[in-house]
Structures are given as structure tokens and as C-alpha cells.
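Summary of the model geometry
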Amino acid sequence: MLIEINNTHQSQGLQKICDFHIETNGIMVKALTSRLYSNPISSIVRELASNALDACRTHPMEIRLPTPLAPSFSIRDHGPGLSPQQMSEVFTRFGASTKRGDNNQIGGFGLGAKSPFAIVNSYAITSYHQGVATTYIASIAANGMPALHQVSSDPNNETGLHIEVPAPNTSTLEWKKALSQLDYFQPQPVIRGIQYDFPTPFHDTPDYLIVKSDDIGVLVGPVFYPVDPAKLGISYYDIPKGMVVKCPIGTIEVTASREEVVYSPATISVLKGKFAHGRQHYREITLDLISKCRTAPEAWRVLASAIFDTLYNFTTPSGTTFKISNTALYYGDDPTYGGNVGIAELDSRSRRRKRWVLNWAKSNCIEASDHCYFLDDTRRWQERVQKHFAHTILGSQRGGDILLFQDPTILDDAGIPYTKVSSIPTDKPLRNPSQRKAPRTLSARNKLTRMDAAPTHFIRVDADGNAAHRDITTSVKLTCDILCRMEKRISQYTSQPTEICVVTPTCKTDISNLPNAFPEWRTIALQFIRDNPLEVTRRWDHHGYFTKFHQALVDLGKMPAFHRNSMPEYHHLDIVSLAADALPPKPDYEGKFRALCTQHPWLEPMESALNATDSASIKRVLETLFNHY
Amino acid sequence: MYPYLITSNTVTLIYQGETLTVTSTHPTFEEVCDLIRKGEWDTAATKMRPALAISSYAEGMEIRDGSIYLDGEEIDHGMVPHILTMKERGFDIAPLLAFLQKVLDNPSMRSRNQIWRFVSTNNIAITPEGNLLFYKRVKDDYYDIHTGGTFQYKVGNTIAMPRHDVDDDPESTCSHGLHVCSYEYLKSFGGQRTLLCEVNPADIVSVPIDYQNTKVRVCCLTVKQEVANPQPLDTSVYDKPF
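These notes cover the structure that comes with them. (Residues numbered from 1 in each chain as written. Chains lettered and ligands numbered in written order. Predicted model: local features only at pLDDT ≥ 70, side-chain atom pairs only at ≥ 80, totals over all residues. Heavy atoms only, no water.)

Along chain A, the regular secondary structure elements total 18 helices and 21 strands. Within chain A, buried positions represent 46% of all 629 residues. Just so you have it, chain A exposes about 32900 Å², and 52% of that area is on carbon and sulfur atoms. (Helix = DSSP H or I, 4+ residues; strand = E, 2+ residues; numbered from the N terminus. Buried < 20%, exposed > 50% of the residue type's maximum accessible area, 1.4 Å probe, protein only. Areas by Shrake-Rupley, 256 points an atom, 1.4 Å probe, with all protein chains shown as cover.)

Quick look at the structure:
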């Protein structure tokens with residue numbers, strides 16, 4: 001690994017007294033070995049395996065984990081081995097490394113070969129080099145200083161290095177866990193003493209991997225490091241689960257113990273870029289797959305297997321009552337029995353609730369997936385599915401299941417099955433304590449709780465295809481409340497009866513013709529842009545261009561006038577690309593300048609000089625102009 | 001004379017060109033240091049590398065890369081202390097081989113894994129045929145405690161039920177099946193009479209996770225003897241009932 005030290009150091013009027021020194025003593029050795037690593041076993045495996053990989057990338061290294069039969073960790077590479085001189089000059093010197101000028105090599109701090117001292121006072125090294133096998137023992141003497149002892153030297157034709165580290169009485173599992181850092185080593189190490197299966201990524205590209213895991217990480221060269229999205233300033237939900245981005249050695253800074261990534265500004269920027277790119281690419285692939293799907297369940301299946309397979313699969317009977325213990329969500333009588341869900345998946349509100357019914361019906365939960373949806377606890381999860389779903393079906397950037405319609409024929413035309421919820425009371429409060437026992441017609445609340453998938457957003461679409469959407473964040477009650485207000489507002493605008501249709505992503509009909517559901521809307525938008533040639537930028541400006549656009553639609557009688565605070569966002573209409581179609585092209589100033597340059601060659605050097613700010617350059621520009629005019 | 005190095009937490013011996021090394025957490029660390037100081041190299045080496053000790057004893061088993069294999073199937077590491085104990089106590093390898101063979105004959109991988117978990121936390125008392133010995137408590141009339149009248153456990157009787165009726169879920173702590181136990185569990189077992197039963201390891205269905213793996217659910221057992229004063233069963237071969 002290239003490690004650069006380039007500090008600026010300019011001084012004047014100072015008298016240097018002495019340099020700082022690093023004392024060589026037992027304490028310092030301890031600081032650089034046993035006190036350096038927070039997880040010594042994992043570090044020993046990583047450091048020794050990285051050295052072995054640096055030594056030889058053609059033959060797989062052999063690793064044997066400690067077992068009760070052979071209680072030591074051993075690693076053998078098939079590189080050239082080390083000469084006695086190299087052993088004394090590099091292997092035994094803290095901070096000495098031959099790998100600093102080279103980003104193809106993992107090591108560079110000059111500490112890794114000494115890492116076994118973190119757990120034991122001695123370990124054995126056999127170097128097979130140029131026809132001789134020399135065995136050494138590295139040990140820490142009584143004063144804390146390490147020394148290398150030669151034990152034997154015999155003729156041998158093999159090459160490579162064999163390190164044998166005695167293993168403290170820790171379980172083999174702890175060593176096995178450490179092997180996960182070597183998951184992406186090429187060639188794959190040969191593991192002995194325990195059964196170890198290297199993972200197969202779901203998806204492998206030159207820039208990233210998707211693996212079966214909830215966590216995200218980075219491969220620096222071949223070494224895996226976990227990444228904390230919070231430290232990158234990225235939301236956990238913005239990165240597909242199990243995404244591991246690949247970064248060349250040297251682009252990501254790691255701590256001297258090499259146990260974790262250093263979140264420096266440079267590293268953060270590289271990682272952010274990599275994750276953003278990976279996410280975009282993965283999204284494109286997924287959307288491409290979805291676009292080839294003919295029905296919603298197919299699309300759902302693609303989503304489920306592409307992104308959400310790393311989430312939670314349950315196969316519990318419909319209507320199962322779940323209970324919550326301190327550690328798990330469970331059904332049945334025994335907290336240790338049955339389909340448990342980690343408590344971390346439930347937000348604090350659900351945990352307080354102590355008991356609730358899983359509100360889903362397996363029969364309605366399309367055959368594509370046996371995922372179950374908690375009413376609001378995995379809201380973010382649903383949001384992500386629906387985002388993709390609605391994007392494909394409705395052309396919306398955001399998703400939804402509930403559609404308010406003045407005229408649901410759009411749905412009929414599009415072939416989307418829907419459920420009508422027509423008896424929402426428009427002016428009465430949903431829960432009137434005095435009327436609690438009074439019989440009521442089936443309320444929206446009842447209907448909504450009977451839906452097969454929990455609503456998290458709604459999209460309101462009127463007869464002209466105007467759509468608006470909003471999160472339904474808290475509860476069914478609030479959902480109904482919002483729907484009531486929506487309905488009321490629409491009824492103020494029009495005397496036509498308004499129907500609320502509930503569309504769930506379980507529809508099984510053909511969706512391929514849906515993106516063309518709003519042709520008239522698009523025509524109006526194009527005409528509006530032509531008539532009002534304002535500067536269209538990517539920034540949404542609700543009180544500028546869009547307010548005017550909205551007002552134009554209201555004036556045309558194409559949409560109701562809403563209160564200013566509930567201004568709908570027309571995310572599903574890509575106004576920028578519409579504008580690109582509608583507006584005349586900008587004058588090509590640069591092209592004109594190039595054309596002039598061909599006629600007047602003296603203009604060409606002027607381009608850079610014109611941007612200059614120093615007086616000499618400006619003077620030169622003026623002189624050139626004087627000469628020509 | 002072999003080169004060696006003893007430090008406060010490790011001992012390394014270069015024995016016949018092979019590096020043997022253990023840490024102070026190893027149970028035989030002090031013993032190994034003494035043996036090396038006295039120059040008893042062979043004994044020290046076998047203590048440091050149980051593989052060396054076993055290889056001369058466990059004929060029929062293959063020792064490779066720190067693991068034991070029988071007929072190409074890996075034997076759990078939990079067996080290592082039992083093999084060493086059997087060797088130290090001078091038992092023949094045949095009963096142990098028979099036991100391992102019967103474990104491998106168990107049709108369920110899930111059950112096999114549970115047996116390995118059992119052997120790693122308990123002593124194993126086996127018969128010369130390789131069957132395991134367990135205790136069982138029954139009522140005064142020799143009927144089982146749970147149903148009170150389904151099976152009568154008379155000495156010499158073999159009691160069996162279909163394997164698929166026995167709960168193989170180790171997390172179901174009390175469920176369908178014939179239950180036997182080790183000495184440690186007896187105090188939690190109701191009933192008036194204590195019986196010693198012989199169980200073929202291939203008939204073990206599950207080892208419930210409660211009570212430190214001391215209870216075992218099986219589908220077939222043979223009652224060998226009624227025991228007045230039950231004793232803890234060691235890892236040994238019991239050729240005749242006590």
C-alpha cells in the first residue's frame with residue numbers, strides 16, 4: 001500500500017534542538033502488538049493472510065484453524081520465502097516494510113508479521129527459500145523485547161513461508177469468524193481443520209458486490225471492511241443491503257491496526273461516490289428487469305429477489321397473533337419456539353404495544369413472495385418496494401396504494417383492479433366517544449384495516465390524471481382523516497361524486513400499457529411550457545414555475561384549486577425533459593466562438609487569457625486586441 | 001534432545017522436524033513444561049499434539065488436518081477428549097468405533113449434530129457394542145410418568161415408537177418421545193424407580209437444549225437394570241451392568 005508522508009514544513013528563525021525518537025523497549029513493543037488490536041485473533045488472521053497473499057497470488061495459501069487435535073493456527077504460502085537477511089532486516093523490524101511503494105500489495109505499515117505477539121509470547125516460522133528450509137522461533141524475552149532464534153536449517157526444495165501460532169483456548173468458532181475477512185481473496189485460501197464455505201455473491205460487478213448480509217462494506221483490495229453509513233452521512237435505507245463496493249488499495253485509508261476504515265474526508269468522498277454509483281447501477285439493472293415484467297407479481301418477484309432477499313422471510317399462518325418478549329417477536333406460547341423476528345426490527349412504539357396481530361392474509365400476499373408486512377413497522381421497507389412499483393406503473397417517482405378518483409375509469413382502462421371505499425364520512429369525526437356503541441356502516445377504517453397490504457402512501461388521481469401523493473405516516477386513523485379531508489376538498493371543487501379506490505400491489509393483470517395513462521396531462525404541460533418559456537431548472541420551485549403551471553391547470557378547469565400549503569408535487573412529470581422537448585434550443589455560443597477561431601486564429605489563445613485576473617495577462621489581452629484593431 | 005522454547009504463555013517444541021506449540025491455556029501446559037525439562041520428548045509431544053496420541057490408538061479412524069474422519073465422515077471435535085480418556089483408561093478402541101459408527105448411522109443430520117453437542121458437554125458411558133447407557137425414572141408400577149400407562153419399563157423390555165412420532169426439535173424441551181437422561185438430570189425427573197437403559201445412538205432423535213443437554217429423546221430403548229443408588233456415569237466402556 002502506498003503510504004504518503006508529505007507534510008509542509010517551512011520555517012524561519014527557529015533553531016532545531018533535536019529530533020523526536022521512538023524508544024525501543026518492551027513497552028513500545030507491547031503498544032505495537034497486544035495493545036494495538038481490539039480484536040487480536042481477527043487481526044492475526046487478516047495480517048498473516050494478507051502477507052501470504054502479497055507473497056504469492058498464483059497458488060492458494062493453506063490455512064489450518066486450531067482444533068482440539070492440533071491447537072495451533074498455521075498458515076502456509078507458496079511465495080519465494082524469506083532469506084536469513086530478509087528475516088533479520090524486515091521480518092523482525094517494526095515499521096519496516098518492502099511494500100510501501102506499491103498499491104498492488106496490501107501491507108505497508110510493517111506491523112502485520114508481528115501481530116501474533118498480540119496473543120502469545122512466541123511463534124514459529126519456517127522459511128523455505130532457495131533450497132533450504134530454515135525454522136525460526138520468534139519470542140518475547142523476559143524484558144519484553146522480541147528476538148528471533150534460528151532452530152534448524154535443512155535442505156528442502158519447496159518455497160514459501162509457514163507460520164505456526166499457538167492458539168489460546170478460544171473456540172474454533174472465533175477463528176472461523178475471522179475467516180470472513182478473507183472471503184474475497186483470490187485465489188481462495190484452502191481451509192483445513194474446519195468446514196468453511198466461502199460465500200457466493202448474488203451479484204458481482206467490477207465495482208461492487210451484493211452479498212447475503214444486512215450490512216454494507218468495502219473491499220480494499222481483497223480485504224473486507226464493514227462500513228458505517230452514518231459516518232458517511234448516508235441513510236442506511238439508501239444503500240441496498242449487502243452491498244460491498246470494491247476500492248483499489250490506497251484509495252481508502254485504514255487504521256494502523258487495519259481493523260477499520262478511517263473516515264477521513266478523502267475516504268468518505270470515495271466511499272460516497274462508490275456507493276452512489278453502485279446504487280444507481282443496481283437500480284438500473286433492477287428497473288430494467290422490472291420493465292420486462294408483464295404483471296405486477298412478476299415485478300414484485302424481481303424486486304424481492306433483487307434487493308429484498310436479504311431481508312426477512314417468514315412463513316407464518318395468516319392472522320397469527322404475535323407476542324413480544326425482550327428479545328424476540330414470536331408466536332405460540334414459547335418465546336424460544338417459532339418464527340422469531342429480531343426485536344431490532346420493531347420500532348420502539350411497537351415494542352411498547354406488547355401485543356399485536358400481524359395484519360396480512362397469506363392468500364392475498366401474492367404468490368411471488370411470502371414476506372409479511374407489518375402494518376407500519378416496516379414502513380420503510382414497503383416504501384422502497386412501492387417506490388419502484390409506482391415508478392413503473394404510474395410513472396410516479398414515489399409510490400402509493402390508495403388512489404382517490406373522481407372517475408375510476410382510468411383504472412379500468414389501465415386494467416388495475418381496485419377496491420372502492422365509498423362510505424367515508426366527510427364531515428363527522430371518525431371516533432365520536434358518545435357514538436362508540438352505535439352501529440355504523442362499514443367505515444373506512446374497517447375497510448382499510450382489511451386491506452391485504454398496509455397503505456403507506458396515497459396517490460390522488462382525478463379524472464384528468466392529475467396526481468398528488470403524500471406519506472401516510474402514523475396510523476389508519478390518520479389515513480382516514482387525511483382521506484376525509486381530501487374527499488371534502490374535492491367535493492368543494494366538483495359536484496361529481498368522488499370515489500376512493502384502494503389499489504394494492506397485488507394486481508395480476510397486464511401493466512405494460514400503464515405509463516401512457518396520462519396523455520392529456522402531458523399535452524397540457526407541453527403547451528404550457530411553450531407559452532411560458534421560463535428558465536426550467538432541476539430545482540423544484542413550487543412558488544415559481546410550478547405555481548404558475550398549477551394555476552394554468554386550474555384556469556383551464558383541469559384541476560381543483562388547493563390550499564397553498566397542500567400544494568401537490570408533480571414528481572411523476574419530468575418537467576425538465578418536457579421542457580427540453582418544448583423549448584427552443586439555447587444559442588450555441590461556444591460553437592460560434594469555435595467558428596470564429598477558424599477564421600481568426602489569433603482569437604484562440606485569448607480564451608484562456610480572458611479568464612485571467614492578474615494584471616500581466618490582462619495587459620497581454622489588451623495588447624493583442626490593439627494589434628488587431 | 002530437541003530444540004524448545006518455554007515462555008510465560010507458550011511452549012514450543014521442534015519435534016522430529018515438526019513445530020509443536022501450545023499456550024498456557026492448554027490443560028496440559030504445566031505437565032508439558034515439566035516433561036520437556038525432564039527430557040521426556042515423546043510423551044511431551046503427544047501431550048502437545050493430541051493428534052499424535054490418537055493416531056497410534058484410533059486405528060480405523062483417519063486423522064487429517066486436525067480433524068478425525070471415520071469412513072470419510074468427519075467426527076466432531078467434541079469426541080477428542082473422550083477418545084483420549086478411553087486411551088488413558090486402557091480401553092480397546094472397538095467399542096468406541098462401534099459407537100461412532102452407530103452415530104453416523106443415525107438417519108438425521110439434525111440428530112447427529114445434536115449428539116455431537118451432547119458428547120461435547122457430557123461423559124459418555126458406552127457398552128461393548130457401542131450403545132449409550134442412560135438413566136430413566138418410572139413410576140412404582142414401572143409405567144412411564146408422563147402418560148402413566150402407555151409403556152411398561154420392565155427389565156429386559158425393549159420399548160419403541162415410530163421415529164417420526166418423536167419430536168426432533170431440540171427447542172421443544174418436553175414433547176413427544178421416549179425420554180432418558182444422564183445422572184445430572186435425575187433430580188429433575190419425577191417417579192419412584194430408576195432404571196439403566198441402553199440406547200443405540202442411531203435411535204437418538206433429539207437432545208433438548210434445556211438442563212445443559214443432559215436429557216435425550218429417543219425412539220427405542222432397552223431396559224437393562226433397575227438401579228437402587230444411581231451413580232454418575234463416566235466416559236468408559238461398561239461391559240456388564242453394575
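All names here are of chain B. The strand order across the open sheet built from three strands is E1-E2-E3, with neighbouring strands paired in antiparallel fashion. Looking at strand neighbours, the two that pair on one side only are strand E1 (4-6) and strand E3 (18-23), the edges of this open sheet. If you compare each strand with its neighbour and ignore which way they point, the axes differ by 10 degrees on average. Set on the sheet, helix H2 (residues 41-48) makes contact with E1, strand E2 (10-15) and E3; between it and E2 the angle comes to about 120 degrees. (Pairing = 2+ DSSP bridges. Axes fitted to C-alpha atoms, helices over the stretch in contact; angles between N-to-C directions. Contact = heavy atoms within 4.5 Å.)

Our focus in this paragraph is the sheet that holds strand E10 (residues 217-220) of chain A. All names here are of chain A. Pairing within the open sheet is mixed, and its five strands lie in the order E8-E9-E12-E10-E11. The open sheet terminates on both sides in strands that have one partner only, identified here as strand E8 (203-204) and strand E11 (223-226). With four bridges joining them, E10 and E11 adopt antiparallel strand pairing. Residue pairing for E11: Leu 219 is matched across the bridge by Phe 224.

Another aspect to go through is the nonpolar core. Core analysis: the biggest nonpolar cluster contains 60 residues, and A:Ile63, A:Phe73, A:Ile75, A:Ile163, A:Val218, A:Leu271 and A:Phe275 have the highest contact counts within it. In terms of residue count, helix H2 (residues 40-55) of chain A provides more of this core than any other element does, seven residues in total. Aside from chain neighbours lying at most four places away, what touches A:Phe73 is A:Ile44, A:Val45, A:Leu48, A:Ile63, A:Arg64, A:Leu65, A:Pro66, A:Ile163, A:Glu164, A:Val165, A:Ala167 and A:Trp175. Ranked by size, the runner-up nonpolar core spans 48 residues in total, among them B:Val138, B:Ile159, B:Val205 and B:Val216. (Core = buried A, V, L, I, M, F, W, Y, C linked by side-chain atoms within 4.5 Å.)

This part takes up the pairing of E3(B). Within a regular beta strand, the side chains point alternately toward one face of the sheet and then the other, so they alternate between its two faces. Residue and element names in this part refer to chain B. Among the six residues in E3, five count as buried, and that is most of the element. Here E2 pairs with E3 via six bridges, running antiparallel. Counted as the bridge partner of Tyr 15 is Glu 18 from E3. Hairpin connection from E2 to E3: two residues lie between these consecutive antiparallel strands, with Gln 16 at a positive phi of about 50 degrees.

Another aspect to go through is the interface of chain A and chain B. Across the contact, 28 residues belong to chain A and 30 residues belong to chain B. Of the roughly 2300 Å² buried between chain A and chain B on both sides combined, carbon and sulfur atoms contribute 61%. Taking the shortest distance from any N to any O, the salt bridge between B:Arg49 and A:Glu164 comes out at 3.4 Å. The tally of links between chain A and chain B comes to seven residue pairs in polar contact (both at pLDDT 80 or more). Counting residues per element, the ones that place at least two in the side of chain A that touches chain B are strand E3 (122-129), strand E4 (132-140) and strand E6 (160-166) of chain A. (Buried area = accessible area lost by both parts, 1.4 Å probe. Salt bridge = Lys/Arg side-chain N within 4 Å of Asp/Glu carboxyl O. Polar contact = N/O pair within 3.5 Å; in protein donor to acceptor, adjacent residues only side chain to side chain.)

Time to look at helix H5 (residues 93-105) of chain B. Residues and elements named next belong to chain B. Counted at 1.5 Å a residue, the expected span for H5 with its 13 residues is 18 Å, and the 18 Å between its end C-alpha atoms agrees. Listed in full, the buried residues belonging to H5 are Ile 93, Pro 95, Leu 96, Phe 99, Leu 100, Lys 102, Val 103 and Leu 104. You can read the cap of H5 off the contacts: a side-chain oxygen lies 3.2 Å from the backbone nitrogen of Ala 94, and it is on Asp 92. (Expected span 1.5 Å × (residues − 1).)

This part takes up the packing of aromatic side chains. For the structure shown, the criterion picks out eight aromatic pairs over all chains. Ring geometry for A:Phe73 against A:Trp175: centres 5.0 Å apart, planes inclined by 20 degrees, an arrangement best described as stacked. Of this pair, A:Phe73 sits in strand E2 (residues 72-77) while A:Trp175 sits in helix H4 (residues 172-178), and the two are 102 residues apart along the sequence. For A:Phe73, a relative accessible area of 0% corresponds to the buried category. For the pair B:Tyr4 and B:Trp41, a centre-to-centre distance of 6.1 Å together with 45 degrees between the ring planes defines the contact as tilted. Taken together, the positions of B:Tyr4 in strand E1 and B:Trp41 in helix H2 put the pair 37 residues apart, joining distant regions of the chain. Its guanidinium or amino end placed over the ring of A:Phe94, A:Lys114 lies 5.8 Å from that ring's centre, counting from NZ or CZ. Stacked on the ring of B:Tyr69, the Lys or Arg B:Arg64 has its end atom at 4.1 Å from the ring centre. (Phe/Tyr/Trp six-rings, centres within 6.5 Å; stacked < 30°, edge-to-face > 60°. Lys NZ or Arg CZ within 6 Å of the ring centre and 35° of its normal.)

Below, the discussion takes up the state of the cysteines. Per the counting criterion, the structure on display carries zero disulfides over all chains. Unpaired in this structure, B:Cys219 has its nearest cysteine sulfur neighbour in B:Cys220, at a distance of 6.2 Å. (Disulfide = S-S within 2.5 Å.)

This next bit is on unusual backbone geometry. For the bond running from A:Gln186 to A:Pro187, omega is -5 degrees, close enough to zero to count as cis. If you trace the backbone, A:Pro187 turns up in the loop between H4 and strand E7 (190-192). Within the chain, B:Gln16 stands out as a residue other than glycine whose phi angle is a positive 50 degrees. Within the secondary structure, B:Gln16 sits in the loop between E2 and E3. If you check the backbone angles, B:Asp71 has positive phi at about 50 degrees while not being a glycine. By the secondary structure assignment, B:Asp71 is in the loop between strand E5 (67-70) and strand E6 (73-75).

Residue and element names in this part refer to chain B. Scanning all chains against the criterion turns up 18 salt bridges over all chains. Between Asp 234 and Arg 89 there is a salt bridge; the shortest N-O distance is 3.9 Å. Taken together, the residues span a long stretch of sequence, with Asp 234 in the loop between strand E14 (220-227) and strand E15 (236-237) and Arg 89 in the loop between helix H4 (80-88) and H5 at a distance of 145 residues. Asp 234 gets classed as partly exposed once you look at its relative accessible area, which sits at 35%. Taking the relative accessible area as the measure of exposure, Arg 89 reaches 43% and is therefore partly exposed.

All names here are of chain B. Going residue by residue along strand E13 (residues 215-218), you find Lys 215 and Arg 217 tucked away on one face and Val 216 and Val 218 tucked away on the opposite face as well. For strand E10 (residues 178-181) and E13, the ladder comprises four bridges, and the chain directions are antiparallel. Within the sheet, the bridge partner assigned to Leu 178 lies in E13 and is Val 218.

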